[in-house]
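Results of the structural survey
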Amino acid sequence: MDSRAIASSGDLLESGLQALIAHIYSTYMLEIYATCLLLSKNRTAFIRQFALFPNYPLATMSPEGHKPEQLTEFIDLGCHAFVMDQDVLETFLDVYIRSHDLAMFRNPNKTIIVLRDSDSAIDRAVLFDMFHRHPAMREIVNMLILLPKDDRVDLWTHRYVSTSERGREMILLDSYLLSNGTFVFGNHLFPNKLLNMERRTFRLASFRLIPHFIVKPTDDPYPLATFHRQNVTIDGMGGLLMAEFCIKFNCTWDVSIDQLGEWGTIYENWTGNGIVGTLAERRADVGIGSLLSWWTSHQYLGFTAVLRKVGIGCFVPRPHLIPTWKTVALVFSPTVWICSVLSVVCCIAMYDLISRYDPSPEAEHRSLGWNAVNVVAMFLFNGAKILYGSLSECVLSIALIAFTINFGNIFIGKNASLQAFPLFDPPIDTIEDMAKAGMIWSHTHEAWAHSVRKTSNPYLMQVATNYRIHPIPELNVLADQGKVGFAVSKMNYGHFMIGDFITAKNVMLYRMMTEDLYFDWEVSKVTKTWPLKDLLSDMILRFNDGGLREFQEPVQAKRHMDYGVQIKIFHSQDREEVPPHAMGCEDLLAPFIVLGAGVVVALVTFVGEMTWSWVESRMPKNLKWVVFK
């Protein structure tokens, strides 16, 4: 073949490939925001022609070594389709996962087009084997391999099915004839590989969380899930969603449970524990189990559609009944009591002043102690001498009598009303009440208070500061004491997600706050490259739109939770009934306390007087004269 024939063949290949890619773009990639062209240094002549397309947003790069940050820059520009030649493929797959983890722009529907040079010495079987053995291929569904051969281009793809030998098969989708620009079979070049994945296994992270996720052993030979190589069934609000997902798309779950880590934590070095930590380390593909849209995990993971709106409240100690003997002090406010004491002092001082400086010869001079006892007796409605020796004493006595009659009748009436209607301590119903009371609230994980750590509400900031983390054994002890609060997740149809430490034995010690602490959105979390994210989001939205959760929630609550406890929590805000009862010693404790205090003070005073009298009797006369002078 002469040089002109070779040149003509090369031009035909370049123009044919350019027309083929243009057809693929205009037919299958209209929704793609941007495309990244990855060019090798050796064989880039025909792929560089695509950069001349004016109608497609393109970004061109030449990968240098295994630097994920280089590809991340283009991913953040919106690239989620990649066109490359085979020399770049292995480098691209090596940095695929890490570069997407570092990127903030995320789109799970990646499209990969690989162009094989017609002069390449790499065998087709070797190229296909590279696909199957590389771990990044778990994350790629839409893969198209263009293999030029003579006057046509064969278009191949892989099966995205189970990990058996069938999953390693390559599929010839179609052949494109360069001479006339037509396809031999006219097949769809990006078929939907997810409708039947032939029991392909994905990894699911969660933990036992009633009523959201429960794992139980099963004898089913074809289970939807396995745990530690044991066949299991998954139940619960989130578990049933995952089960239905596998039934629809014919896949299975390999369940990973970190019960101690629960929701987990992600550290800056991309390690962690619990659900989110397992996802960050890519030991799982999906996480489920009342995961909220925490801002700290968005940097590392992808979020699906919202499962539900979650209200987080607090189960706080029930207000205690105030003993009736304490109501004597509650009749008046502290300000009124202070004014009353000042009134008594002023009256005593006024009587003493009149007694000391009354110029009339009939004036009776009384001591300060006598005046004090007489005024107090008038306030207590006891026998008292009405003083009227002078006009000033008469006026003061009339004013004092009028005041004490009104003051005493008001006190008696108010005290009687308080005795008729039992009083309780102020309830903790709002965030402000909880902050002012300094109420400590607790649970097993930081996740319960994480959403309010960045709040600017001063009361909520105080509430977040008072949150404590305790293990289950300690929570069992605290729950029986009835002195601290416990975080509660309010479900959408009248049920509550609360720990097993709230039982029928101690539930009556608590009541629900009327105001939620905060609300958040429950989502499922996935790795940034999991290709089935949109399918899971679509199923979640269908569940919500169909109203299935309204029927699912009570079934799960009755199946896995103590329904008697649920009923008592629901009615915990009802006012406590205090039936009438005969008065006991505790109801009359206030007068007994006053009497006892008076007896003790009188006894101490008497002992003091007797002691001083004894000391005075034995004192020498000359010393006595010096002391008392």
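Residues numbered from 1 in each chain as written. Predicted model: local features only at pLDDT ≥ 70, side-chain atom pairs only at ≥ 80, totals over all residues. Heavy atoms only, no water.

**As for the overall build of the chain**
The condition that has to hold: Under the DSSP-based scheme used, a helix requires at least four consecutive residues in state H or I and a strand at least two consecutive residues in state E, with every element numbered from the N terminus. Partly exposed residues are those whose accessible area sits between 20% and 50% of the maximum for their type, while under 20% is buried and over 50% is exposed, using a 1.4 Å probe and protein chains only. Contacts are assigned to residue pairs with any non-hydrogen atoms lying within 4.5 Å of each other. The Shrake-Rupley method, run with a 1.4 Å probe sphere, supplies the accessible areas, and residue values consider only the shown protein chains as cover.
When you go through the chain residue by residue, the secondary structure sums to 20 helices and 23 strands. Counting the 629 residues in the chain, one finds 46% classified as buried. For the chain, the share of sequence-separated contacts (at least 6 apart) that also reach a separation of at least 24 residues comes to 72%. A total accessible area of about 32,400 Å² is found for the chain, and carbon and sulfur atoms account for 60% of it.

**Considering the packing of aromatic side chains**
Our working rule: Under the pairing criterion, centres of Phe, Tyr and Trp rings, with the six-membered ring standing for Trp, must be within 6.5 Å; the plane angle then separates stacked pairs below 30 degrees from edge-to-face pairs above 60, leaving the rest tilted. Sitting over a ring, as applied to charges here, requires NZ of Lys or CZ of Arg to be within 6 Å of the ring centre and within 35 degrees of the ring normal.
With the rule as written, the count across this model stands at 20 aromatic pairs. Considering the side-chain rings of Phe82 and Phe92, the 5.0 Å spacing of their centres and the 50° angle between planes classify their relative orientation as tilted. On the criterion of sequence distance, the pair formed by Phe82 in strand E3 (residues 79-85) and Phe92 in helix H3 (residues 86-102) is long-range, its members being ten residues apart. You'll find Phe82 and Phe92 in the same group, each marked buried. Three or more aromatic residues joined by ring pairs form one cluster here, namely Tyr160, Phe202, Phe245, Phe249, Trp253 and Trp530. When the ring centre of Tyr160 is taken as reference, the NZ or CZ atom of Arg200 above it lies at 3.9 Å. Across from the ring centre of Tyr563, 5.6 Å away, lies the NZ or CZ of Lys558, which sits over that ring.

**Some thoughts on the side chain of Ser442**
Tracing the chain through its elements places Ser442 in strand E18 (residues 441-443). Sequence-distant contacts of Ser442, that is, excluding residues within four places in its chain, are made with Tyr467, Arg468, Ile469, His470, Leu475, Gly485, Phe486 and Ala487.

**Quick notes on helix H18 (residues 563-570)**
Our working definition: Note that the arc is computed from the directions linking the helix axis to the C-beta atoms. N or O atoms closer than or at 3.5 Å make up a polar contact, with two conditions inside protein: a donor-capable atom paired with an acceptor-capable one, and, for residues adjacent in sequence, both atoms drawn from side chains.
All of the buried residues along H18 are Val565, Gln566 and Ile569. End-on, the buried residues of H18 take up no more than an arc of 105°, which puts them together on one face. Structurally, H18 contributes buried residues whose contacts are with strand E17 (302-317), strand E21 (496-497) and strand E22 (510-512). Between the side-chain oxygen at the start of H18 and the backbone nitrogen of Gly564 there is a gap of 3.1 Å, and the oxygen is on Asp562.

**Some words on the sheet that holds strand E6 (residues 152-158)**
Threshold: Should DSSP find at least two bridges between two strands, the strands are regarded as paired.
The strand order E2-E1-E3-E4-E5-E6-E7-E8 describes an open sheet built from eight strands, whose pairing is mixed. The open sheet terminates on both sides in strands that have one partner only, identified here as strand E2 (58-61) and strand E8 (182-183). Here four bridges tie strand E1 (residues 34-38) to E2, and the two strands are oriented parallel to one another. Looking across to E2, one finds that Leu37 is bridged to Thr60.

**Comments concerning the environment of Ser340**
Positionally, Ser340 belongs in helix H9 (residues 334-357). What makes Ser340 buried here is its relative accessible area of 9%. Ser340 sits 39 residues away from Phe379 along the chain, and the two C-alpha atoms are 9.8 Å apart.

**Digging into a nonpolar patch on the surface**
Rules: By definition, no residue in a patch forms a salt bridge, and every one has over 30% relative accessible area; like charges are joined within 9 Å, nonpolar side chains (Val, Leu, Ile, Met, Phe, Trp, Tyr) within 5 Å. Each salt bridge in this description consists of a side-chain nitrogen of Lys or Arg and a carboxyl oxygen of Asp or Glu lying within 4 Å of one another.
Taken together, the side chains of Leu603, Phe606, Val607 and Met610 present a nonpolar region at the surface, about 400 Å² in accessible area. Turning to its location among the elements, Met610 is positioned in helix H19 (residues 589-617). Residue class for Met610 comes out partly exposed when judged on its relative accessible area of 48%.

**Some words on the pairing of E3**
The criterion, for reference: Consider the strands pointing away from the viewer: the crossover is right-handed when the path from the first strand over the helix to the second runs clockwise.
Judged by how many residues are buried, E3 sits mostly within the fold: seven of seven residues are covered. Of the crossover connections in this fold, the one passing from E3 over H3 to the parallel strand E4 (residues 111-115) is right-handed.

**Concerning helix H17 (residues 548-560)**
So the rule is basically this: Here a helix's expected span is defined as the number of its residues, less one, multiplied by 1.5 Å.
In a regular helix each residue adds 1.5 Å, so 13 residues correspond to 18 Å; H17 covers 18 Å between its end C-alpha atoms and thus fits that length. Along H17, the residues that are buried comprise Arg549, Gln552, Glu553, Gln556, Ala557 and His560. Buried residues of H17, viewed axially, fall in a sector of 130°; they line one side. Facing away from the buried side of H17 by more than 90 degrees, the exposed set consists of Phe551 and Lys558.

**Some words on the confidence of the model for the chain**
Going by this rule: The predictor attaches a confidence to each residue, and that confidence, scored 0 to 100, is pLDDT.
This prediction gives the chain a mean pLDDT of 82; 81% of its residues lie at or above 70. pLDDT under 50 marks residues 1-7. Its contacts with residues more than four places away, or in other chains, come to one contact.

**So, the state of the cysteines**
Heads up, the rule is: When two cysteine sulfur atoms are found within 2.5 Å, that pair is recorded as a disulfide.
The final tally for this structure, using the stated rule, is zero disulfides. Not engaged in a disulfide, the cysteine Cys36 finds its nearest cysteine sulfur in Cys79; these two sulfurs lie 4.9 Å apart.

**Section: the nonpolar core**
Our working rule: Working definition of a nonpolar core: buried Ala, Val, Leu, Ile, Met, Phe, Trp, Tyr and Cys residues. They are joined through side-chain atoms within 4.5 Å.
In this structure, Trp263, Cys314, Met434, Trp441, Trp448, Val463 and Leu517 are the most contacted members of the largest nonpolar core, which totals 39 residues. Only helix H6 (274-280), strand E16 (286-292), E17, helix H12 (431-437), helix H13 (447-450) and helix H14 (458-465) provide two or more residues apiece to this core. With near-sequence residues (within four places) excluded, Leu517 lies in contact with Ile312, Gly313, Cys314, Ile431, Met434, Trp441, Leu460 and Val463. Within the second largest apolar cluster, 32 residues are counted, among which are Ile75, Cys79, Leu127 and Ile140.

**Brief notes about the side chain of Asp174**
Position of Asp174 among the secondary structure elements: in strand E7 (residues 170-177). A distance of 2.9 Å separates a polar atom in the side chain of Asp174 from the backbone nitrogen of Asn187. Leave out the neighbours within four places in its chain, and Asp174 touches Val153, Asp154, Leu155, Phe183, Val184, Phe185, Gly186, Asn187 and Leu189.

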